Amino acid sequence: MTETEIMDDTVEVLEVLDANEVQETTNAGPGPQILAVANQKGGVGKTTTTINLATALAAVGCKVLIVDLDPQGNASTGLGVDRAQRETSTYEVLTGLATLEQAMFRSRIPGLDIIPSTVDLSGAELELVDVENRSYRLRDAMKGFVEKYQYVLIDCPPSLGLLTLNALTAAHSVLVPLQCEFFALEGLSQLIRTIERVSVAFNPELHIEGVVLTMFDKRNNLSGQVASDVREFLGDKVYKTVIPRNVKISEAPSYGKPALLYDHECAGSRAYISLASEMLKRDRSRAA
Ligand SMILES: Nc1ncnc2c1ncn2[C@@H]1O[C@H](COP(=O)(O)OP(=O)(O)O)[C@@H](O)[C@H]1O
Ligand SMILES: [Mg+2]
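Report follows, based on the coordinates. Every value quoted in this text rests on a predicted model; they were computed, and no experiment measured them. All residue numbers refer to position in the chain's written sequence, counted from 1. Working convention: letters from A go to chains and numbers from 1 go to ligands, in the order in which they are written. Only residues with pLDDT of at least 70 are given local features in this predicted model, and only at 80 or more are side-chain atom pairs given and counted; all residues enter the totals for whole chains, interfaces and linings. Computation of side-chain values: all heavy atoms of the structure, hydrogens and water removed.

1. Describing empty space enclosed by the protein
We place a 1 Å grid over just the protein atoms. Points where a 1.4 Å probe fits but has no way out form a cavity, open points with protein on both sides within 12 Å along at least 5 of 7 lines form a pocket, and any residue with an atom within 4 Å of a point lines it. Grid points are joined across faces, edges and corners, and a volume is the space filled by probe spheres set on the points. Applying the stated criterion across every chain yields a total of two cavities of 30 Å³ or more. In this structure, the largest cavity encloses a volume near 70 Å³. Lining the largest cavity are N39, K41, V44, L178, Q179, E181, F183, A184, G187 and L188. Segments assigned H or I by DSSP are reported as helices when at least four residues long, segments assigned E as strands when at least two residues long, and all are numbered from the N terminus. Among the elements of the structure, β6 (173–179) and α10 (184–201) are those that each provide at least two residues to the lining of the largest cavity. Residue contributions to the lining of the largest cavity peak at three residues, all from α10.

Now the structure itself:
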């Protein structure tokens, strides 16, 4: 896909969004908002949410950085970063072999940059065990680099180990993708306890930004029941926007594209645009 085609697609995405929204968004406040996209369960939509939310935010003019902190590197692949292009990655950043500046890769979406990851990252947890400040490696590496962005989204691995801890100490808040299935609430309680512990021991400002219900199937009664339990439990921390199960969303990564560029009119893309707009509105009302 050429740069021009990408630009055309982005323009179309822009048209889907309300023009006023774009105006106000580009005037957002100082400094980045750093979000860890976390849930210790795999396959709940962390990477999909990271990629598509970031794309929607970039489409309305925000400068956005994705930090791929999962050794599987799905966010990097989903944004079309070839393995061969990942010479410097989050592994080198965490182990002090490279700076974020050196590892930064400009995605084909204007305004969206990514720090890719490789499977090397799976060794970092062990390698960092004896290293000073091992829980703050990402936070420290970010200083002086992330200020030019409005949003930084850290795509976490499916565990609560040292990598996720680095994301939680670097972040202001946690965005939790939650799949509405039987054990969802149990997993959520565990995650909340972890966030509380991290906030006491490492990062006092850490809090839950919001919970986004993913892969929602409205024909499934259990989905509906879990969704209403989660809303009862966490109230307005749960976004009104619900991401439906949508086949286009699962097809997009194999083309190295966000769903928003693969098919911006599909139900999944529309949902991510609506999530971005809900997030921007919340941020704006908080800033006011
Ligand atoms: N809304 C959705 N509809 C259909 N498939 C989805 C949706 N969200 C994610 N998927 C698919 O589910 C799988 C797991 O999603 P992913 O975002 O990789 O989860 P995680 O990062 O939490 O492991 C992927 O194959 C992805 O394409
Ligand atoms: Mg993932």
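2. Digging into the pairing of strand β1 (residues 33–37)
Burial classification: accessible surface area is computed with a 1.4 Å probe over protein chains only, and a residue below 20% of its type maximum counts as buried, one above 50% as exposed, and the rest as partly exposed. Taken across its five residues, β1 has five buried, putting it largely inside the fold. Every second residue of β1 is oriented toward a common face, with Q33, L35 and V37 on one face and I34 and A36 on the other, all of them buried. Here, a strand pair is defined by DSSP locating no fewer than two bridges between the strands. Pairing between β1 and strand β5 (residues 151–155): five bridges, direction parallel. Residue pairing across strands places A36 opposite I154, the latter belonging to β5.

3. Some words on the site of ligand 1
Around ligand 1 lies a shell of 14 residues, among which G43, T47, T48, P244 and N246 are the nearest. Polar contact is the term for a pair of N or O atoms within 3.5 Å; when the atoms are in protein, one must be able to donate a hydrogen and the other to accept it, and sequence-neighboring residues count only if both atoms are side-chain atoms. Between ligand 1 and G45 there is a distance of 3.0 Å, counted from an oxygen atom to a backbone nitrogen or oxygen. When isolated, ligand 1 has an accessible area of 550 Å², and the protein chains bury 79% of it. Secondary-structure elements contributing two or more residues to the shell around ligand 1 are α3 (46–59), β8 (238–244) and α12 (247–251). A total of three residues in the shell around ligand 1 trace back to one element, the largest contributor, which is α3. If even one non-hydrogen atom of a residue comes within 4 Å of a molecule or strand, that residue is called near it. Here, Shrake-Rupley sampling with a 1.4 Å probe gives the accessible areas, and only protein chains in the shown set may cover a residue.

4. Remarks on the nonpolar core
The biggest cluster of nonpolar side chains holds 51 residues, and the ones touching the most others in it are V67, I115, M142, V152, I154 and V211. Whether two residues are in contact is decided by their heavy atoms: any pair within 4.5 Å suffices. In this view, V211 contacts V176, L178, V230, L234, K237, V238 and Y239; residues no more than four positions away in its chain are not counted. Listed in part, the 36 residues of the second largest apolar core include A56, L79, V81 and L280. Working definition of a nonpolar core: buried Ala, Val, Leu, Ile, Met, Phe, Trp, Tyr and Cys residues. They are joined through side-chain atoms within 4.5 Å.

5. Some remarks on the sheet that holds β8
Pairing is mixed across the open sheet formed by eight strands, whose spatial order is β3-β4-β2-β5-β1-β6-β7-β8. Bordering the open sheet on either side are β3 (105–106) and β8, each of which pairs with just one other strand. Angles shown run from 0 to 180 degrees and are taken between the N-to-C directions of axes, each axis being a line fitted to C-alpha atoms and, for helices, limited to the stretch in contact. Against the sheet, α3 engages β1, β2 (64–68), β4 (112–115), β5, β6 and β7 (207–216), with an angle of about 165° to β5. Sitting on the sheet, helix α14 (residues 267–287) is in contact with β1, β5, β6, β7 and β8, with an inclination near 165° to β8.

6. Here's the deal with the pattern of salt bridges
One side-chain nitrogen of Lys or Arg within 4 Å of one carboxyl oxygen of Asp or Glu is enough to make a salt bridge. All chains considered together, the criterion is met by nine salt bridges. For the salt bridge of K63 with D113, the shortest nitrogen-to-oxygen distance reads 3.9 Å. Placement of the pair is K63 in the loop between α3 and β2 and D113 in strand β4, with a sequence separation of 50 residues. Its relative accessible area of 30% is what places K63 among the partly exposed residues. Classification of D113 as buried rests on a relative accessible area of 3%. In this structure, R286 engages D283 in a salt bridge whose closest nitrogen and oxygen atoms are separated by 2.5 Å. Of this pair, R286 and D283 are both found in helix α14, three residues apart, which corresponds to roughly one turn of the helix. Judged by its relative accessible area of 12%, D283 is buried. By sharing partners, the salt bridges in this structure join K63, R106 and D113 into a single network.

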